[in-house]
Each structure stands twice: as structure tokens, then as C-alpha cells.
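So you can see what is in the structure, the chains are spelled out below.
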Amino acid sequence: MTSEPNDDPTDAVLLDALEPEDDELLTLEELAETSHISTVVISMLVREGWIVPHPGPGGDRFDRADLGAVSAGLRLVEAGLPMAELLDLARRMDDAMDPVAQLAVDVFARFVRDSVEASAASTDEAATTLQRAVDEMLPATAALVGEHFRRLVVKHATARLVEE
Amino acid sequence: MRVTTRLLDGPPPLVEHDPPLAWVSDDQTIIGFGEAFRISAGLGTERFDKAQQAFGDWIEGCQIEDDFDLPGTGPVAFASFTFDSRSPGSVLIVPEVTFVKSRRRWHVTTVGDVDHARYLVTEERPEVERDRPRFAGASIPDVAWVEAVAEAIDRIRRGEARKVVLARDFALWSRTRFDTTRLMAKLIERFPHCFTFAVDGLIGASPELLVRTDGHTVSSVALAGTAARSPHPEIDERLGSELLNSDKDRFEHQLAAESVERVLEQVTASLSKDETPTLRKLDNVQHLATAFDGVLREPSSAMTLAGMLHPTAAVGGDPTDVAIEMIRELEGMDRGRYAGPVGWMDQRGRGEFAIALRCAEISGARARLFTGAGIMSDSLPENELEETRLKLGAMMSALE
């Protein structure tokens with residue numbers, strides 16, 4: 001993964017772009033109430049790395065993406081997938097995807113960021129362009145990866161059904 | 001009733017029997033067929049005495065011809081007791097025909113006029129197509145189990161107990177009957193140094209010897225503290241080393257060893273034990289183990305000793321009474337015979353009882369698998385859930 005110096009003027013912009021847009025961060029208790037999942041289970045999901053809270057002055061805070069993740073997990077459990085198996089799948093997914101995610105960041109840094117910085121007329125222009133790029137690319141990445149995994153699941157499920 | 005023991009020329013080619021009645025360990029193999037006597041041992045701590053008394057009364061009425069007087073020759077009872085004294089299901093069975101490998105030689109004991117040859121294979125069994133095991137749910141969802149574990153951790157931190165073992169189960173079904181003979185064979189192959197048992201539909205391979213006695217000496221092994229295994233020797237060694245040096249696991253193990261020692265000290269004139277826990281490596285996990293060997297003050301039977309030792313902190317918790325109450329309150333299911341003593345005993349009281357771990361209750365095309373985890377103050381629910389997932393997975397794959 002490419003490591004950029006901290007005093008790079010575009011760092012702050014990129015970090016800002018990576019922060020959640022949602023100003024309404026939830027406490028652990030609020031997330032539990034909203035998602036109908038106990039604090040015990042949410043704390044477990046945090047330790048397992050499913051959701052990564054934002055540290056705040058009064059304790060951890062959670063954004064809408066966290067709510068979406070725990071709600072999606074709950075839907076799977078309610079549909080019959082045992083939590084233990086779900087956690088195992090999540091660990092395997094994390095192991096499989098982590099190096100790809102690192103590579104994706106490296107590719108972004110080398111081919112998007114370096115290119116923008118080379119062609120922008122000013123630091124401000126580079127920052128604006130990069131922010132726009134992150135805003136576009138992050139959701140696009142999520143959609144692309146999500147859809148790809150959905151297709152893989154469908155492919156294997158179909159093959160299993162044909163086999164049986 | 002005439003009970004006769006004879007020497008066999010060699011290993012008998014036994015027919016398959018469903019449900020099987022069997023005990024297979026490094027030292028002893030006992031396979032039973034038919035039922036000459038059966039008793040439901042009822043409820044309460046007295047269920048061990050009741051079963052033993054009933055077996056003794058039945059023997060009183062027998063005319064026994066046993067020139068060998070070896071462990072397992074003469075009339076033998078298989079027994080399996082419920083974990084909780086309030087749960088029904090404890091049972092003792094004397095087979096009609098018992099094949100015993102004792103001191104490396106095979107013997108057969110028959111009750112009545114039955115011909116043991118009816119249980120010997122005369123022709124090869126045709127291959128039967130079997131379905132795979134299919135998940136059918138659990139007594140409590142594992143999300144609820146995780147919450148129960150968290151509640152137990154809170155209570156332990158508040159000082160209510162030092163350890164509690166919480167179990168969970170898995171129900172399975174299949175489109176064909178589960179092949180119990182094949183399951184036994186797989187368990188023996190996969191866990192060669194465990195105690196593989198089958199008593200009245202409860203089938204498993206336990207690593208934990210609750211008690212072994214010849215009436216004069218006694219042995220037991222406390223197991224508690226678990227780590228995963230790895231196919232890579234270096235990682236496997238590191239996992240074992242971390243387990244040996246883990247304060248949490250050492251303390252959990254200490255409680256289990258102490259609970260065994262407290263009982264054995266009462267009944268032995270001399271008692272020796274491993275000075276420090278050793279590693280017991282199984283196919284899928286590794287445990288901390290402490291072995292005990294002693295000389296009994298007075299002759300005692302395997303069943304009596306099993307009743308005194310049960311439940312150890314390895315499967316109940318510490319203090320025992322508090323842990324049992326917490327299990328009743330938090331576990332959300334009846335364990336039945338899971339984590340209870342299971343084993344065999346002969347007319348002299350010689351025998352072996354293991355703790356029924358890594359096991360399943362099997363009835364035709366239905367099975368219920370059990371496993372548990374020791375909860376301590378510094379336990380994490382997700383780690384305990386993963387430990388039970390691995391253990392259940394091992395048993396489920398044996399059923400495939």
C-alpha cells in the first residue's frame with residue numbers, strides 16, 4: 001500500500017472524504033434500539049471487526065453504514081443462518097478481501113491520486129477533484145463488489161441445485 | 001438366568017446393530033447386542049445408586065459361569081446418566097450378548113439360551129445409499145446463546161461463580177436413517193485415543209475419562225482449557241504453547257482438576273497426579289489435561305465413583321451448585337445425557353465412565369448434537385461461540 005506523507009495538502013481532503021457524511025452518529029444503545037439487536041451482540045460485532053465505531057468524547061459512535069451492516073446481518077440470522085456460521089463467513093470474507101482492498105487503495109493512489117496531482121493547476125483543484133473521485137468511486141466499489149459476490153453466490157447455488 | 005462367558009478364537013465378525021451398544025477405548029472394547037435387562041434410573045443424585053442396586057439385584061438372580069474374571073467378562077452393564085439430576089433419561093442396559101476384548105483376547109458373554117452366532121456376519125451387507133445430515137435448528141438460537149454467555153460473564157465478574165459451562169445443541173435430520181455403525185467407525189478412526197461410546201442412542205467420542213477402576217485402584221483425567229489445532233506443525237505447536245501458558249485456560253483447568261481431586265482425596269489412601277497440566281491433542285482441538293491415579297481406601301464401584309465425581313467443574317462449573325443453577329437458568333434447554341457419565345461396569349464393579357462429550361442423540365433419521373464451552377470472567381462470547389462451532393462441526397462431519 002502506498003504511504004503518503006502526513007503533511008501532503010490533499011491528505012486532509014481525502015481523510016474528510018472517507019469520513020461518514022452522516023452527522024447523526026448513534027451511541028451503542030441507540031444503535032441497539034434502532035436495529036433491534038442487543039448491545040451484547042453489537043459489541044461482539046465490533047470486536048469481530050464487522051463494524052468499526054467512530055471514537056467520540058462520550059464513547060463509541062456508529063453511523064448509518066453500521067446500522068445497515070448490523071441490520072443486514074440480522075436479516076440473514078432471522079432467515080435461518082446461524083450467527084456462528086455468519087461470523088465464520090465474515091472472517092473468511094475479511095481474510096479474502098483485505099489484501100484486495102489494500103491493492104485497490106494502492107491502485108487508487110498510483111493511478112488516480114498521482115495523476116490528479118500531476119495535472120491539477122493548484123492544490124485546491126487537486127483536492128476538489130480527489131474528493132469528487134472518492135465520492136464517486138467508494139459507492140461504485142461497494143456496488144461492484146456487492147454485485148460480483150451476489151453473482152458468485154447465484155452461480156454456486158445454481159450449480160449445487162443442478163448437482164442435487 | 002444363566003450367564004456364560006466363553007473365550008473366542010479371534011476377533012468376531014460382528015453384524016451391524018442399530019442402535020449400537022458399545023464402548024471402545026485403548027484398553028477395552030465391549031460390544032453389546034440385544035437387551036437382557038434395562039432400567040430407567042430415574043431422577044436425583046440417587047440415580048447412580050438406583051442403577052447400581054438394580055444391576056446388583058439382577059445379578060443376584062443369575063447363575064454366572066465366568067472362568068476368566070477379567071474386566072468386562074461376566075455380566076456387563078452399559079449405563080448413561082443425565083447431566084442434571086432433575087432430568088429424566090438415565091438408563092442402564094445389560095446386553096443379551098456381549099463381545100469383550102479384555103487383555104487382548106476376545107470373549108463372549110451370553111444371557112439365557114441365546115446363540116451368539118446370530119450376531120456374527122454371515123454375508124456382506126449390501127451398500128445402502130445414505131443421505132447427508134441436514135440442519136434442523138437448535139434449542140436456542142445462537143444469538144440468544146451468545147447473550148446467555150455474556151450474562152454468565154457478568155455474573156462471574158460480580159463474583160457469583162468462578163466458572164460455568166454453557167452448552168448448546170444442533171438438531172439434524174436426514175432423508176435416510178443415520179448410519180450409526182459407520183458413525184462409530186468414523187469416530188474411532190478420527191479420535192483413536194478417545195472413549196467411543198454408544199448407549200441407548202447416545203453416540204460419541206469423549207476425550208475425558210471421568211473414572212476407571214478395578215475396584216481397588218482409581219484413575220481419572222481432568223480436561224479443561226481448549227485451543228484450536230492447525231495442520232501446520234509450527235502453528236499447532238504455538239497454539240499448544242499459548243494454551244499451556246494462558247492464565248485464563250490454566251485457571252479454568254485448575255478448577256476442573258481441583259473438583260476431581262477433592263472427590264478422589266475422600267476415597268483414596270494414596271493419590272498421585274500430574275504436577276503440571278499436559279497437552280491432550282485431539283483431531284480438531286487440544287486440551288489441558290491432568291491425570292490422577294490412586295489407591296482406594298475401600299473397594300468401590302465405577303458407578304459409585306462416577307456418581308461422586310459428577311458433575312466436575314469441566315462440565316458444570318465452580319462452585320458446582322451455583323453453576324448448575326446458572327446452567328438451568330441460562331442455557332435454555334435440557335442437556336439430557338450430554339455431559340453426563342457414560343460407560344460400563346461389570347459384576348465386580350470394575351469399569352470405566354467417560355463424560356459424554358462430542359456426542360449426539362440419534363434416533364433413526366434424527367440427531368441432536370451437543371457441545372459446550374467453559375465460561376470464565378475474561379471469556380469473550382464470540383470466542384466461546386467459535387469454539388462450540390468447531391466442536392459441532394467435527395461431530396457433524398462424522399455423520400456425513
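As shown above, the structure is provided for reference.
Along each chain, residues carry numbers from 1 onward, in the same order as the chain's sequence is written. Going through the entries in the order they are written, you letter the chains from A and number the ligands from 1. Local features are withheld for residues below a pLDDT of 70 in this predicted model, meaning they are given only at 70 or higher, and side-chain atom pairs are given and counted only at 80 or more; totals for whole chains, interfaces and linings count all residues. Only hydrogens and water are set aside when side-chain values are computed; all heavy atoms of the structure are taken into account.

Q: Talk me through the overall build of chain B; I want residue IDs and the actual numbers.
A: From N to C terminus, chain B includes eight helices and 23 strands. Here chain B has a C-alpha radius of gyration of 21 Å; the compact-globule value for 400 residues is 21 Å, and the two agree. Overall, the C-alpha framework of chain B stretches about 60 × 55 × 45 Å when taken along its three principal axes. Expressed as a percentage of its 400 residues, the buried residues of chain B come to 59%. Total accessible area on chain B is roughly 16,600 Å²; 48% of this is exposed by carbon and sulfur atoms. Neither His nor the chain termini are counted; the positive set is Lys and Arg, and the negative set is Asp and Glu. Here the site of a charge means atom NZ of a Lys, CZ of an Arg, CG of an Asp or CD of a Glu. If the 46 positive side-chain charges of chain B are averaged to one point and the 64 negative ones to another, these points end up 2 Å apart. Think of it this way: any DSSP run of H or I at least four residues long counts as a helix, any run of E at least two long counts as a strand, and we number them from the N terminus. Every radius of gyration here is taken over C-alpha atoms, with the globule rule written as 2.2 Å times N^0.38, N being the number of residues. Burial status follows relative accessibility: with a 1.4 Å probe on protein chains alone, a residue under 20% of its type maximum counts as buried, one over 50% as exposed, and anything between as partly exposed. Using a 1.4 Å probe, the Shrake-Rupley method yields the accessible areas, and only the shown protein chains count as cover for residues.

Q: Quick rundown of the environment of Ala314 of chain B? Include the residues and the values.
A: All names here are of chain B. Counting through the fold element by element, Ala314 comes out in the loop between α6 (302-309) and β19 (317-318). Of the residues examined, Ala314 reaches a relative accessible area of 14% and is grouped as buried. In this structure, Ala314 is in contact with Lys163, Val165, Glu208, Leu223, Ala224 and Ala256, ignoring residues within four places of it in sequence. Every residue pair with non-hydrogen atoms within 4.5 Å of one another is taken to be in contact.

Q: Account for the pattern of salt bridges, naming residues and giving values.
A: Take a side-chain nitrogen of Lys or Arg and a carboxyl oxygen of Asp or Glu: if they are within 4 Å of each other, that pair is a salt bridge. Going through the model one piece at a time under the given rule, you end up with 41 salt bridges over all chains. One salt bridge in this structure joins Arg2 of chain B and Glu65 of chain B, with 2.3 Å as the shortest N-O distance. Here Glu65 of chain B lies in strand β5 (residues 63-65) and Arg2 of chain B lies in strand β1 (residues 2-7), a separation of 63 residues in the sequence. The partner of Glu252 of chain B in a salt bridge is Lys248 of chain B, with the nearest N and O atoms 3.7 Å apart. Of this pair, Glu252 of chain B and Lys248 of chain B both sit in helix α5 (residues 247-267), separated by four residues, roughly a single helical turn. The burial state of Glu252 of chain B is the same as that of Lys248 of chain B; both residues are buried. Each of Glu48, Glu85, Asp88, Arg91 and Arg92 of chain A together with Glu386 and Arg389 of chain B takes part in salt bridges that share partners, so that together they form one network.

Q: Tell me about the pairing of strand β11 (residues 163-173) of chain B, residues and numbers included.
A: Consecutive residues of a regular strand have side chains that alternate between opposite faces of the sheet. All names here are of chain B. In terms of burial, β11 is largely enclosed, as nine of its eleven residues are buried. Between any two strands, at least two bridges found by DSSP are needed for them to pair. Bridging between strand β10 (residues 134-135) and β11 involves two bridges; their strand directions are antiparallel. Pairing of Phe135 across the sheet is with Leu172, part of β11. Pairing analysis gives two bridges linking β11 to β19, with the strands arranged antiparallel. Note that in β19 the partner of Lys163 across the bridge is Asp318. Sheet topology note: the β11/strand β23 (residues 366-375) ladder contains ten bridges and is antiparallel. The residue bridging Ala167 from the neighbouring strand is Gly372, located in β23.

Q: Explain the packing of helix α2 (residues 142-157) of chain B against helix α8 (residues 381-398) of chain B to me, and be specific about the residues and the numbers.
A: Helices that pack against each other are described as a pair by the angle of their axes relative to one another and the distance between those axes. All names here are of chain B. Axis definition: a line fitted to C-alpha atoms, limited for helices to the stretch in contact. Angles are taken between N-to-C directions and run from 0 to 180 degrees. Closest axis-to-axis distance for the α2/α8 pair is 9 Å, and the angle between their directions is 130°. As summarised for this structure, α2 and α8 are arranged oblique, according to the angle between their axes. The crossing of α2 and α8 is right-handed. Of the residues in α8, those touching α2 at Asp142, Trp145, Val146, Val149, Ala150 and Ile153 are Pro381, Glu384, Leu385 and Thr388. Charged means Asp, Glu, Lys or Arg here, nonpolar means Ala, Val, Leu, Ile, Met, Phe, Trp, Tyr, Cys or Pro, and polar covers whatever is left, Gly included. Tallied by class, residues from the contact of α2 with α8 come to seven nonpolar, one polar and two charged. Oblique is the label for any angle not covered by the other classes, which are roughly parallel (under 35 degrees), roughly antiparallel (over 145) and roughly perpendicular (65 to 115). A clockwise turn of the near helix away from the far one marks a right-handed crossing, whereas an anticlockwise turn of less than a right angle marks a left-handed crossing.

Q: So what's going on with helix α4 (residues 64-78) of chain A? Which residues, and what values?
A: For α4 of chain A, which comprises 15 residues, the first-to-last C-alpha distance of 21 Å matches the rise-based estimate of 21 Å (1.5 Å per residue) to within 8%. What α4 of chain A keeps buried is the set Asp66, Leu67, Val70, Gly73 and Val77 of chain A. The buried residues of α4 of chain A all sit within an arc of 130° when viewed along its axis, so they share a single face. Away from its buried face by more than 90 degrees, α4 of chain A exposes Arg64, Ala65 and Arg75 of chain A. The elements touched by buried residues of α4 of chain A are α2 (28-35), α3 (39-47), β1 (54-56) and α5 (83-119) of chain A together with α2 of chain B. By the N-cap criterion, in which a side-chain oxygen at the helix start approaches the backbone nitrogen of a residue two or three places on, α4 of chain A is capped by Asp63 of chain A, the distance to Ala65 of chain A being 2.8 Å. Looking one or two residues beyond α4 of chain A, the residue adopting positive phi is Gly80 of chain A, at roughly 120°. By this rule the span expected of a helix is its residue count minus one, scaled by 1.5 Å. Within this analysis, the arc is defined by the directions that extend from the helix axis to the C-beta atoms. Pairing of N or O atoms within 3.5 Å defines a polar contact, subject to two protein rules: one partner must be a possible hydrogen donor and the other a possible acceptor, and residues neighboring in sequence count only if both atoms are side-chain atoms.

Q: Please provide a residue-by-residue account of the interface of chain B and chain A, values included.
A: On the side of chain A, 16 residues touch chain B, which itself brings 14 residues to the contact. The three residues of chain B that bury the most area against chain A are Val143, Glu382 and Arg389 of chain B, which together make up 40% of that side's buried surface. At the surface where chain B touches chain A, the tally comes to four salt bridges. Among the salt bridges present, the one from Glu382 of chain B reaches Arg47 of chain A, with a minimum N-O distance of 2.5 Å. In this assembly, chain B and chain A are joined by six residue pairs in polar contact (both at pLDDT 80 or more). Contributing elements (two or more residues each) for the side of chain B that touches chain A: α2 and α8 of chain B. Across the side of chain B that touches chain A, the residue classes tally to seven nonpolar, no polar and seven charged. The term buried area means the drop in 1.4 Å probe accessible area that two parts suffer when joined, counted for both and summed.

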